Amino acid sequence: MFEVHNPADGSLVGHVHAGTEDDVNDAVRTSWEAFSLWSDTDPLDRSRILFSAARLVREDKKELSLLLTREQGKPLRESVNEIAGFARVLEYYASITGTLQGDYGYSKNYGHMMVMRQPLGVCAAIIPWNMPALIMGWKTGPVLAAGNTMVLKPSATAPLTCIALAEHLYRAGLPKQVLQLVTGSGRVVGQALARHNNIRSLSFTGAVSTGTGVAEIAAPTLKKLILELGGSDAMIVCKDADPYAAAKGAVSGRFFNCGQTCTSIKRVFVDSTVYEPFVQKVRELAETLSIGNGLSDGVDMGPVHTSGQRKDVHFLVQETVNNDQGKVLSGGYIPDTGSLKEGSFYPPTIMTGVDPDAPVMKEEVFGPVLPVSAFDTVADAIDMANATRFGLGASIWTHDMRTISQATRELDAGIVWVNQHLRIPPEVPFGGVKSSGLGRENGRYALLQYLEEKTILINP
Ligand code: TXE
């Protein structure tokens with residue numbers, strides 16, 4: 001058994017089974033048994049189940065959000081939005097189930113040329129703790145809508161909301177064998193999924209090092225891989241940007257979910273002519289954030305999910321200061337008084353004058369640290385933004401059309417926002433370039449990834 005603890009005070013939230021390789025094998029076997037039934041189910045009936053699950057989830061959003069906050073730490077308000085986000089993803093895929101038809105052509109030489117799209121079979125997913133509900137929606141929505149079955153491994157430290165969401169899908173009529181959860185460690189359950197010979201695709205979200213390890217283990221099986229491996233998103237603030245909107249965007253884009261989102265703003269580059277007022281505004285806004293147990297009223301930021309994660313974040317801040325590569329303007333310490341001492345809290349931290357090569361800019365800092373640097377030309381800012389192994393998201397804050405055109409073309413990222421950041425609608429593809437991963441979640445594109453084309457040539 002695994003114990004699940006609340007990162008705000010260490011209290012016990014629940015237990016889950018420590019899954020084994022045998023559990024994975026059993027789940028995959030029964031998943032194949034369910035496949036013919038589910039893939040033959042009329043797309044409209046699959047839609048009905050997904051819509052109905054979304055409705056049940058919305059009805060229970062209070063209870064589900066409390067559970068998410070207790071096991072993950074995020075403020076209740078963010079949990080409510082995340083649970084609604086899960087429902088919205090299901091609704092989106094329910095609304096397009098069955099819309100992906102095949103293609104047809106005729107040639108005198110070859111006759112009737114048809115392309116059928118068929119589901120892959122059993123698909124697997126490995127998901128992290130930072131946004132367990134939303135990421136579960138991103139993975140289950142397109143897989144189930146396309147007629148596949150799934151074996152899903154939640155994170156060992158935040159599995160309970162995923163289990164509760166799966167129960168809602170079952171209550172809506174999804175046969176239990178169509179979506180099976182195997183809880184447990186990455187080393188045992190995750191690796192068993194990666195090396196399993198009879199799984200057709202594996203979608204993983206987590207650290208780059210874990211994802212590349214998974215890819216290595218999975219390579220001989222030739223299953224399709226979808227990897228979402230995090231980012232080091234840059235925010236570029238130009239001299240004509242609305243200073244208040246940009247500062248607000250930086251604070252919410254960095255401190256949302258305690259900075260533990262793959263597309264959090266992780267580096268800020270500001271035109272040197274507006275650098276000082278921007279930094280002051282960010283500091284003022286960050287200092288109004290209230291930190292505490294996500295269950296308490298009015299809390300804006302909860303704890304870092306684990307104390308180990310907090311240690312890593314603090315280490316990168318200290319390394320940057322010790323190397324003289326940046327200064328701490330606010331935050332940057334481990335609280336050792338009051339109720340914050342009970343959990344893995346870390347204050348909103350702003351670092352200024354940060355060298356783009358400093359550890360807090362080079363690594364993916366998965367916590368509430370906002371490093372800021374100045375630039376002289378937009379071309380320099382784009383170069384600095386691109387000088388990372390990551391390429392998930394980036395944003396540019398300006399109303400100048402030429403700058404927008406240049407930045408959207410030149411930023412090396414899977415998603416580029418203009419005058420906003422961190423907004424991910426289910427209708428459009430989401431994913432990264434370079435070390436940020438392979439493949440895409442969301443949109444019709446994700447549905448296509450879970451279907452295989454079959455070519456049929458009929459000579460009349
Ligand atoms: O992630 P892991 P962790 C990044 C972020 C963070 C770091 C570590 O930088 O600081 O990763 O977080 C399963 N084979 N992101 O340790 O280990 C694991 O059980 C197969 C970015 O939590 O990658 C969990 O279900 N699976 C990020 C999932 O992989 C394995 C989200 C993610 O865990 C495994 C989270 C193995 N050998 C962390 N080892 C993002 N992109 O949003 C672990 N797992």
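The text that follows walks through the structure, step by step, so that each part is easy to find. None of the values given here were measured: they were computed from a predicted structure. (Residues numbered from 1 in each chain as written. Predicted model: local features only at pLDDT ≥ 70, side-chain atom pairs only at ≥ 80, totals over all residues. Heavy atoms only, no water.)

### Points about the environment of Ala8
Then, in step 1: With respect to the element layout, Ala8 can be found in the loop between β1 (2-5) and β2 (12-16).
Then, in step 2: Under the relative-accessibility criterion, Ala8 is labelled buried at 4%.
Then, in step 3: For the pair formed by Ala8 and Arg70, sequence separation is 62 residues and the distance between their alpha carbons is 8.1 Å.
Then, in step 4: Excluding residues that lie within four positions of it along the chain, Ala8 makes contacts with Asn293, Pro303, Glu342, Gly343 and Phe345. (Helix = DSSP H or I, 4+ residues; strand = E, 2+ residues; numbered from the N terminus. Buried < 20%, exposed > 50% of the residue type's maximum accessible area, 1.4 Å probe, protein only. Contact = heavy atoms within 4.5 Å.)

### Here we look at the packing of aromatic side chains
Then, in step 1: For the coordinates displayed, the defined rule picks out four aromatic pairs.
Then, in step 2: An angle of 70 degrees between the planes, with centres 4.9 Å apart, marks the rings of Tyr92 and Tyr93 as edge-to-face. Take Tyr92 and Tyr93: they sit in the same class, and that class is buried.
Then, in step 3: Where Trp129 meets Phe366, the ring centres are 5.6 Å apart and the plane angle is 80 degrees; that geometry is what we call edge-to-face. In this pair, Trp129 is assigned in the loop between β5 (122-126) and α5 (132-145) and Phe366 in the loop between α12 (359-362) and β14 (369-375), connecting sequence segments 237 residues apart. There is no split in this pair, since Trp129 and Phe366 are both buried. (Phe/Tyr/Trp six-rings, centres within 6.5 Å; stacked < 30°, edge-to-face > 60°.)

### Topic: the nonpolar core
Then, in step 1: Tyr93, Met136, Leu169, Leu174 and Leu179 are the most contacted members of the largest nonpolar core, which totals 59 residues.
Then, in step 2: When sequence neighbours within four positions are dropped, the list of residues in contact with Leu169 reads Ile49, Leu50, Ala53, Phe86, Leu90, Leu174 and Leu179.
Then, in step 3: Core analysis: the second largest hydrophobic core is formed by 50 residues, Ile236, Val279, Val369 and Leu411 among them. (Core = buried A, V, L, I, M, F, W, Y, C linked by side-chain atoms within 4.5 Å.)

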